[in-house]
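Here is what each chain is made of, one letter per residue.
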Amino acid sequence: MLALLLTGVLTALCPAVLAQDADTPSGYPVPRFVSLKVSVAYGREGPSQDHRIIWRYVREGLPLRVTAEAPGWRRVEDPGGEVTWMHQSLLSGRRTVYIPEEAELRIRPDADANIEAIAEAGAILDLERCADGWCRLQAQGHHGWVRANAIWGIMPSDLGTYGAAPHSLAALSDPPPHDTADR
């Protein structure tokens, strides 16, 4: 009886733990998005410290798409399309998005809604939620809705499209020239 009660409590308090059922070292599905936890991080050619550093990232919060895993390491793709390996300790589950071109944050998910703020090209914003082809973003105290196809850092499953045509990852954005790291 105690074991059943404990299982019930854990189920209520730790849904993320129970969601970890993918066949990966982390238990999370691939692909997925994460963000850079630190302000300076190195991307390597392979999954160990013995591999050569090929990128130096200097943008805390930068969204990265995890495309493969090895124990302790994640192969990630950045908004510019560069692929490197990073140690898992450098990555966070915090969801952010990258704005490839200037984007208007609207007060409602409607192209005719008033503009709350304008995100500059290259901005990184926190992802709150998506619905019907729009995503609600937040940065510097401003919240607003942006069309999903104007941002990089979301999966088709994030979109919550209710009756709208789903977007493919390729349709979300064409990444601009790489400005997040020095080679």
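It should be emphasised that the depicted structure is a prediction, and the values quoted were computed from it without experimental measurement. (Residues numbered from 1 in each chain as written. Predicted model: local features only at pLDDT ≥ 70, side-chain atom pairs only at ≥ 80, totals over all residues. Heavy atoms only, no water.)

**Remarks on the state of the cysteines**
Rules: Two cysteine sulfur atoms make up a disulfide if the distance between them is within 2.5 Å. Remark: exposure states derive from per-residue accessible area (1.4 Å probe, protein chains only) relative to the maximum for the residue type, with buried under 20%, exposed over 50%, and partly exposed in between.
Per the stated rule, a full pass over the model turns up one disulfide. Covalently, cysteine 130 is tied to cysteine 135 through a disulfide, its sulfur atoms 2.1 Å apart. Note on the cysteine 130 and cysteine 135 pair: the S-S dihedral is about 100°, so by sign convention the disulfide is right-handed. Overall, the relative accessible area of 11% leaves cysteine 130 in the buried class. Judged by relative accessible area, cysteine 135 falls into the buried class, the value being 0%.

**A closer look at the side chain of arginine 32**
Operational definition: Each helix corresponds to a stretch of at least 4 residues labelled H or I by DSSP, and each strand to a stretch of at least 2 residues labelled E; elements are numbered beginning at the N terminus. It only takes one pair of heavy atoms within 4.5 Å for two residues to be counted as in contact.
If you trace the backbone, arginine 32 turns up in strand β1 (residues 32-36). Apart from residues no more than four positions distant in its own chain, arginine 32 is found in contact with Ser26, Leu64, Arg65, Val66, Glu69, Arg74 and Met155.

**So, the environment of arginine 129**
Tracing the chain through its elements places arginine 129 in strand β11 (residues 124-131). Residues arginine 129 and isoleucine 154 lie 25 residues apart in sequence; the distance between their C-alpha atoms is 10.0 Å. Once residues within four sequence positions are removed from consideration, arginine 129 is found in contact with Trp134, Cys135, Arg136 and Trp145.

**Observations regarding the environment of histidine 142**
Within the secondary structure, histidine 142 sits in strand β13 (residues 142-147). Residue histidine 142 is classed as partly exposed on the basis of its relative accessible area, which comes to 33%. The spatial distance from the C-alpha of histidine 142 to the C-alpha of leucine 125 is 9.8 Å, given a sequence separation of 17 residues. Leave out the neighbours within four places in its chain, and histidine 142 touches Glu116, Ala117 and Leu137.

**Focus on unusual backbone geometry**
The peptide bond linking valine 30 to proline 31 adopts the cis configuration, its omega dihedral lying at 5°. With respect to the secondary-structure elements, proline 31 resides in the loop between α2 (15-19) and β1. The residue aspartate 132 is not glycine, and still its phi comes out positive at about 55°. Topologically, aspartate 132 is positioned in the loop between β11 and β12 (134-139).

**Here's the deal with the environment of aspartate 126**
Quick reminder of the rule: By the criterion applied in these results, polar contacts are pairs of N or O atoms within 3.5 Å in which, for protein atoms, one can donate a hydrogen and the other can accept it, and in which residues neighboring in sequence qualify only through two side-chain atoms.
Position of aspartate 126 relative to the elements: it lies in strand β11. Taking relative accessible area as the criterion, aspartate 126 reaches 22% and is therefore assigned partly exposed. Remark: the alpha-carbon pair of aspartate 126 and glutamine 140, spanning 14 residues in sequence, is separated by 9.8 Å. Apart from residues no more than four positions distant in its own chain, aspartate 126 is found in contact with Arg94, Arg95, Thr96, Arg136, Leu137 and Gln138. Polar contacts involving the side chain of aspartate 126 include one to the side chain of arginine 94, which spans 2.8 Å.

**Some details on the layout of surface pockets**
Stated formally: Definitions used for this entry: grid spacing 1 Å over protein atoms alone; cavity, a set of points where a 1.4 Å probe fits but cannot get out; pocket, an open set with protein on both sides within 12 Å along at least 5 of 7 lines; lining residue, one with an atom within 4 Å of a point. Grid points are joined across faces, edges and corners, and a volume is the space filled by probe spheres set on the points. Any residue outside Ala, Val, Leu, Ile, Met, Phe, Trp, Tyr, Cys, Pro, Asp, Glu, Lys and Arg is labelled polar, Gly included; the first ten of those are nonpolar and the last four are charged.
Each pocket or cavity is described by its volume, and for the largest pocket that value is around 280 Å³. Top contributing element to the lining of the largest pocket by residue count: β1, with three residues. Of the residues in the lining of the largest pocket, the class split is five nonpolar, four polar and three charged. When its volume is computed, the second largest pocket comes out at roughly 180 Å³. Surrounding the second largest pocket, Leu105, Ala117, Ile118, Ala119, Ala123, Ile124, Leu125, Ala139, Gln140 and His142 form its lining. Those elements that provide at least two residues to the lining of the second largest pocket are β10 (115-119) and β11. Considering each element in turn, the lining of the second largest pocket owes the most residues, three residues, to β10. For the lining of the second largest pocket, the class distribution of residues is eight nonpolar, two polar and no charged.

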